[in-house]
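Here is what each chain is made of, one letter per residue.
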Amino acid sequence: MKRVAVVTGGTRGIGEAICEALKHAGYKVAATYQGNDEAAKKFTEKTGIPAFKFDVGDFDGCKEGLAHIVKALGPVDILVNNAGITRDAFLHKTTLKHWHEVVNTNLDSVFNMSRNVIEGMRERGFGRIISISSINGQAGQAGQTNYSAAKAGIIGFTKALAQESASKGITVNAIAPGYIDTEMVRAVSPEVLSKIVEKIPVKRLGKAEEIAAMVVFLASDQAAFATGATFTVNGGQYFA
Ligand code: CAA
């Protein structure tokens, strides 16, 4: 029986690459998305992967959305918490709204999704929870107090849940990508971005596929001994 994988924010950017790689590796995949219907439609036409629309920042929305996914594909074996947003500004210019938006979408979502799949995983004795953190949750980034805090929060969540879940056949890991060539990174001004790329030892942005490959490994049976870890994939920009 094919295992079922759910990827939040799966219709664009790193999430899209993760969905495609998991499908290629033989999983039944569902993507979730919140707002961009057009991108979701294109994604499903291109990949054949269904996209389910709900807000990962909303606990009840996740519960309902996951119920639709389970009905369509079966119980969730692999959860990839990938959905994320930025609202960059120095703290003295950051609004409370932008603080909450980033923490809600990037960190509350990890609770909302994981809480709604963990009981089933424990009952079935198998699960993989893989959350996309960031180099900026490890190193901090000026202009991203909200994002850095949320991404660092994912790392603590991962370590705690890994301890709770190890005896139940469930592994819980985080991946900390560096600067990957996606819309999110291209939104940084070209001057700022070129200074960042200069500091990456491999002298380029990462590719979404390079994060997806790590997800495929962590989802596999071969990765059963890896849990509670944060896997850094950043071109040597920061040694965590
Ligand atoms: N450290 C310290 N100071 C810095 C700095 C840094 N890294 N970057 C800029 N500054 C300084 C500037 O030199 C400037 O100082 P002066 O006023 O003395 O000249 C001051 O901070 C303001 O900088 P800006 O002119 O850039 O201010 P702004 O208001 O136009 O923009 C910003 C602020 C939006 C935060 C902008 O600096 C920025 O985009 N920074 C990059 C943030 C970033 O890396 N985001 C990552 C997005 S991608 C992502 O998040 C994915 C992932 O996981 C990696």
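No experiment lies behind these values; they were computed from the predicted model shown.

Considering the overall build of the protein
Helix and strand counts for the protein come out as 9 helices and 7 strands. When burial is assessed residue by residue, the protein has 48% of its 240 residues classed as buried. Partitioning the contacts of the protein with sequence separation of at least 6, the portion at a separation of at least 24 is 71%. If you sum the accessible surface of the protein, you get close to 11,600 Å²; carbon and sulfur atoms cover 56% of it.

Thoughts on the side chain of Thr11
Mapped onto the elements of the fold, Thr11 is located in the loop between strand S1 (4–7) and helix H1 (13–24). Relative accessible area serves as the criterion here: at 5%, Thr11 is assigned to the buried category.

Concerning the site of the ligand
Surrounding the ligand, one finds 18 residues, the nearest of these being Asp88, Ser134, Gln144, Tyr147 and Tyr179. Asp88 is positioned such that a nitrogen or oxygen atom in its side chain is 2.8 Å from a nitrogen atom of the ligand. Tyr179 is positioned with one of its side-chain polar atoms (N or O) 2.8 Å from an oxygen atom of the ligand. Here the ligand, which alone exposes 1,100 Å², has 53% of that area covered by the protein. Listed by contribution, the elements that provide at least two residues to the shell around the ligand are helix H7 (183–186) and helix H8 (190–198). Per-class residue counts for the shell around the ligand are 9 nonpolar, 7 polar and 2 charged.

Let's talk about the packing of aromatic side chains
The tally for this structure, following the rule as stated, stands at 1 aromatic pair. Taking 5.8 Å as the distance between ring centres and 25° as the angle between the ring planes, the aromatic pair formed by Phe59 and Phe111 counts as stacked. Here Phe111 lies in helix H4 (residues 96–124) and Phe59 lies in helix H3 (residues 59–73), a separation of 52 residues in the sequence. Sitting over the face of the ring of Phe126, Arg3 holds its NZ or CZ atom 3.8 Å from the ring centroid.

Examining the sheet that holds S1
Pairing within the open sheet is parallel, and its 7 strands lie in the order S3-S2-S1-S4-S5-S6-S7. Every other strand in the sheet has two partners, leaving strand S3 (51–53) and strand S7 (230–233) as the edge strands with one partner each. If you compare each strand with its neighbour and ignore which way they point, the axes differ by 20° on average. In this sheet, S3 lies alongside strand S2 (residues 28–33) in parallel orientation, the contact comprising 3 bridges.

Let's talk about the pattern of salt bridges
Overall, the coordinates contain 11 salt bridges when judged by the stated rule. Across the pair Arg3 and Asp221 runs a salt bridge, and its minimum N-O distance is 2.8 Å. Remark: Asp221 occurs in the loop between helix H9 (208–219) and S7 and Arg3 occurs in the segment before S1; sequence separation between them is 218 residues. Relative accessible area serves as the criterion here: at 26%, Arg3 is assigned to the partly exposed category. Each member of the salt-bridge network shares a partner with another, and the members are Glu16, Glu20 and Lys46.

Analysis parameters
- Numbers given for residues are sequential positions, taken from 1 along each chain in its written order.
- In view of the model being predicted, local features appear only for residues whose pLDDT reaches at least 70, and side-chain atom pairs are presented and counted only at 80 or more, with totals across whole chains, interfaces and linings using the full set of residues.
- Hydrogens and waters are ignored; side-chain quantities use all the structure's heavy atoms.
- A helix here means a DSSP run of H or I that spans at least four residues, while a strand means a run of E at least two residues long, and both kinds are numbered starting from the N terminus.
- Each residue is assigned to one of three classes by its accessible area relative to the maximum for its type, calculated with a 1.4 Å probe on protein chains only: buried under 20%, partly exposed between the two thresholds, exposed over 50%.
- What makes two residues a contact is simply this: any of their non-hydrogen atoms within 4.5 Å.
- Throughout, the Shrake-Rupley method with a 1.4 Å probe supplies accessible areas, and for residues the shown protein chains are the sole cover considered.
- Residue proximity to a molecule or strand is established when one non-hydrogen atom of the residue lies within 4 Å of it.
- Between N or O atoms, a polar contact is any pair within 3.5 Å; within protein, one atom must be a potential hydrogen donor and the other a potential acceptor, and residues adjacent in sequence are included only when both atoms are from side chains.
- Residues were grouped as follows: Ala, Val, Leu, Ile, Met, Phe, Trp, Tyr, Cys and Pro as nonpolar; Asp, Glu, Lys and Arg as charged; and all remaining residues, including Gly, as polar.
- Pairing of aromatic rings covers Phe, Tyr and Trp, the last through its six-membered ring, and needs centres within 6.5 Å; plane angles under 30 degrees mean stacked, over 60 mean edge-to-face, and all others mean tilted.
- A ring has a charge above it when a Lys NZ or an Arg CZ is no more than 6 Å from the ring centre and no more than 35 degrees off the ring normal.
- If DSSP finds at least two bridges between two strands, the strands pair.
- Structural elements are reduced to axes, namely lines fitted to C-alpha atoms, with helices fitted over the stretch in contact, and the angle between N-to-C directions of any two is expressed from 0 to 180 degrees.
- For salt bridges, the criterion is a side-chain nitrogen of Lys or Arg within 4 Å of an Asp or Glu carboxyl oxygen.

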